[in-house]
Amino acid sequence: MTHTKILGTGSYMPNHIITNQDLAKIVDTSDAWITSRTGIKNRPMTIDENTSDLAYQAALKALESTDISAEDLDLIIVATITGDYVLPGVAQLLQRKLGARMIPAFDINAACSGFIYALDIADKMIQSEAYRHILIVGADILSKITDFSDRNTCVLFADGAGAMVLGPSKEKHIKAIQTFSKGDQELLLYMDSYPLKKNFETPPQARPFVKMQGSDVFKFAVWAMPYTLNKLSETSQIALDDLELIVAHQANERIIRYAAKSLKIPMDKMFMNIGKTGNTSAASVPIAIDEAVQSNRLKRNQVFGTVAFGGGLTWGGAIIKY
Ligand SMILES: CC(C)(COP(=O)(O)OP(=O)(O)OC[C@H]1O[C@@H](n2cnc3c(N)ncnc32)[C@H](O)[C@@H]1OP(=O)(O)O)[C@@H](O)C(=O)NCCC(=O)NCCS
């Protein structure tokens, strides 16, 4: 049977940095409040690149870290909620930028869990032996859909991209992977789309932004993370204590601390870069995995856990031998 292996990772964050002090000039907030409630100090926000540009930079780095090139790719999947266009998708723009062959390329929307969904789909595609080399990317420019007069959301969100190249392997590297959704909580975290038309009228539309009920999302997140990691541990028969590292979605440092406490996992096993990244949505997990690899915190053959949650509600995770 064919299994899936991570061949390489890459990430990209814009150079333009917004500090807590910058935000305190435009909404009623402070560095002390943001730091103590979220752990975020700085967040990258692009001013002159689009989502496919961020995805391209991350994908280039991921490919460079492998011995395959863009022409070897059999499939591209991009997780995003902030594409350059509504159509075409970011995956097709990325296919052109990379000079990939005429292969399938598509976007998926599972909000901040999107990268785990992409990994789950790609893993099954490789196992089916229909595809060998798959590029998966999480890329988002949340600053495009953030209301910078809403202090409940604008202090959290950021822009970035992370990528992973996957290939076939005889050994089972993805020890367990599971994704979930629950569609009865849509208004906890959502953004309006096009209004319905009545009698062919075209009403003027106010620009839509992300809206969030922060404390309810917090409660969901601190439930979803332990739930997922426990399920993965059960499926893989790998104790959470035996994981080298846990790379969680970087949404709020307090969420990560709560989850670690309830799972009795020491904080030095929880990868954390939120202080300088903010919440980059679908990019958060692959950026964090790439940083763990680049900083040697995650080495070849070590087994790590990853977990994410987001709008939908969606959530999921994986236990992987790197
Ligand atoms: C948003 C979040 C940081 C708010 O922290 P909190 O401790 O839950 O704070 P609350 O929402 O209970 O608000 C507490 C007070 O702080 C205020 N507040 C909210 N944002 C603020 C800000 N940026 N600066 C200062 N005060 C703020 C609120 O208005 C409220 O004031 P009140 O008590 O006078 O009504 C937190 O709920 C959170 O991180 N939720 C999860 C969000 C998330 O992860 N979303 C993405 C999922 S992928």
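Look up a bit, the structure's there.
Worth saying up front: this structure is predicted, and the values here are computed from it rather than measured.

Can you help me understand the sheet that holds strand β8 (residues 174-181) in this one?
What links the strands of a sheet is backbone hydrogen bonding, and the strands pair in either a parallel or an antiparallel sense. Ordered by their spatial adjacency, five strands build an open sheet running β8-β14-β13-β11-β12, and the pairing between neighbours is mixed. Of all the strands in the sheet, the pair left with one neighbour each is β8 and β12 (270-271). Both strand β11 (residues 245-248) and strand β13 (residues 303-310) contribute to a ladder of four bridges, which runs parallel. Residue pairing for β13: Ile-246 is matched across the bridge by Gly-305. Relative to the sheet, helix α5 (residues 114-127) contacts β8, β13 and β14 (314-321), its axis offset from that of β8 by approximately 125°. Contacts from helix α7 (residues 214-236) reach β8, β11, β12, β13 and β14, with the element oriented near 40° to β14.

Quick question: what am I supposed to make of the side chain of Thr-153 here?
Within the element layout of this structure, Thr-153 appears in helix α6 (residues 151-154). A relative accessible area of 0% places Thr-153 in the buried class. Among all residues touching Thr-153, those that are not within four sequence positions of it are Asp-147, Val-210 and Met-212.

Hey, could you run me through the site of the ligand in this one?
Around the ligand, a shell composed of 23 residues is seen, among which Thr-29, Arg-37, Arg-151, Gly-214 and Asn-252 lie nearest. The side chain of Trp-33 places a nitrogen or oxygen atom 3.4 Å from a nitrogen atom of the ligand. Within the side chain of Asn-252, one N or O atom sits 2.7 Å away from an oxygen atom of the ligand. Within the complex, 73% of the 940 Å² of free accessible area of the ligand lies under protein. If you list the elements that add at least two residues to the shell around the ligand, you get α2 (31-38), α6, α7, α8 (253-263) and β13. With four residues, α7 is the largest single contributor of residues to the shell around the ligand. In the shell around the ligand, the residues fall into 10 nonpolar, nine polar and four charged.

Could you clarify how one ought to interpret the side chain of Asn-279 in this entry?
Structurally, Asn-279 is set in the loop between α9 (274-277) and α10 (284-294). Judged by its relative accessible area of 6%, Asn-279 is buried. Look past the residues within four positions of Asn-279 in its chain and what remains in contact with it is Cys-112, Leu-142, Leu-156, Phe-157, Ala-158, His-249, Gln-250 and Ala-251.

Help me understand a nonpolar patch on the surface in this model?
Nonpolar side chains collect at one region of the surface, where Val-86, Leu-87 and Tyr-194 lie side by side and expose about 400 Å² of accessible area between them. Tracing the chain through its elements places Val-86 in the loop between β4 (75-79) and α4 (90-98).

Would you explain the sheet that holds strand β5 (residues 105-108) in this entry?
One open sheet holds the five strands; their spatial order is β1-β7-β6-β4-β5, and the pairing between them is mixed. The strands lining the two open edges of the sheet, one partner per strand, are β1 (3-12) and β5. Sheet twist, expressed as the mean angle between neighbouring strand axes with direction ignored, is 20°. Sheet topology places β1 next to strand β7 (residues 159-169); nine bridges connect them, and they run antiparallel. Looking at the pairing, Ile-6 lines up with Leu-166 of β7. Contacts between α10 and the sheet are confined to β1, β6 (134-141) and β7, with β1 contributing the most and set at about 90° to the helix.

Sorry, what's going on with the packing of aromatic side chains here?
In this description, a pair of aromatic rings is defined by centroid distance and the angle of the planes. Per the stated rule, a full pass over the model turns up eight aromatic pairs. Ring centres of Phe-220 and Trp-223 lie 6.5 Å apart, and the angle between their planes is 35°; this geometry places the pair in the tilted category. Of the two residues, Phe-220 and Trp-223 both sit in helix α7, three residues apart, roughly one turn of that helix. Residue Phe-220 is classed as buried on the basis of its relative accessible area, which comes to 9%. Every member of this aromatic cluster is reached through a ring pair, and the members are Phe-180, Phe-220, Trp-223, Tyr-227, Phe-309 and Trp-315. The aromatic ring of Tyr-322 is capped on one face by Arg-300, whose charged end is 3.9 Å from the ring centroid.

Cut-offs applied
- Residues numbered from 1 in each chain as written.
- Predicted model: local features only at pLDDT ≥ 70, side-chain atom pairs only at ≥ 80, totals over all residues.
- Heavy atoms only, no water.
- Pairing = 2+ DSSP bridges.
- Helix = DSSP H or I, 4+ residues; strand = E, 2+ residues; numbered from the N terminus.
- Contact = heavy atoms within 4.5 Å.
- Axes fitted to C-alpha atoms, helices over the stretch in contact; angles between N-to-C directions.
- Buried < 20%, exposed > 50% of the residue type's maximum accessible area, 1.4 Å probe, protein only.
- Near = heavy atom within 4 Å.
- Polar contact = N/O pair within 3.5 Å; in protein donor to acceptor, adjacent residues only side chain to side chain.
- Areas by Shrake-Rupley, 256 points an atom, 1.4 Å probe, with all protein chains shown as cover.
- Nonpolar A, V, L, I, M, F, W, Y, C, P; charged D, E, K, R; others polar.
- Patch = residues over 30% accessible without salt bridge, like charges linked within 9 Å, V, L, I, M, F, W, Y side chains within 5 Å.
- Salt bridge = Lys/Arg side-chain N within 4 Å of Asp/Glu carboxyl O.
- Phe/Tyr/Trp six-rings, centres within 6.5 Å; stacked < 30°, edge-to-face > 60°.
- Lys NZ or Arg CZ within 6 Å of the ring centre and 35° of its normal.

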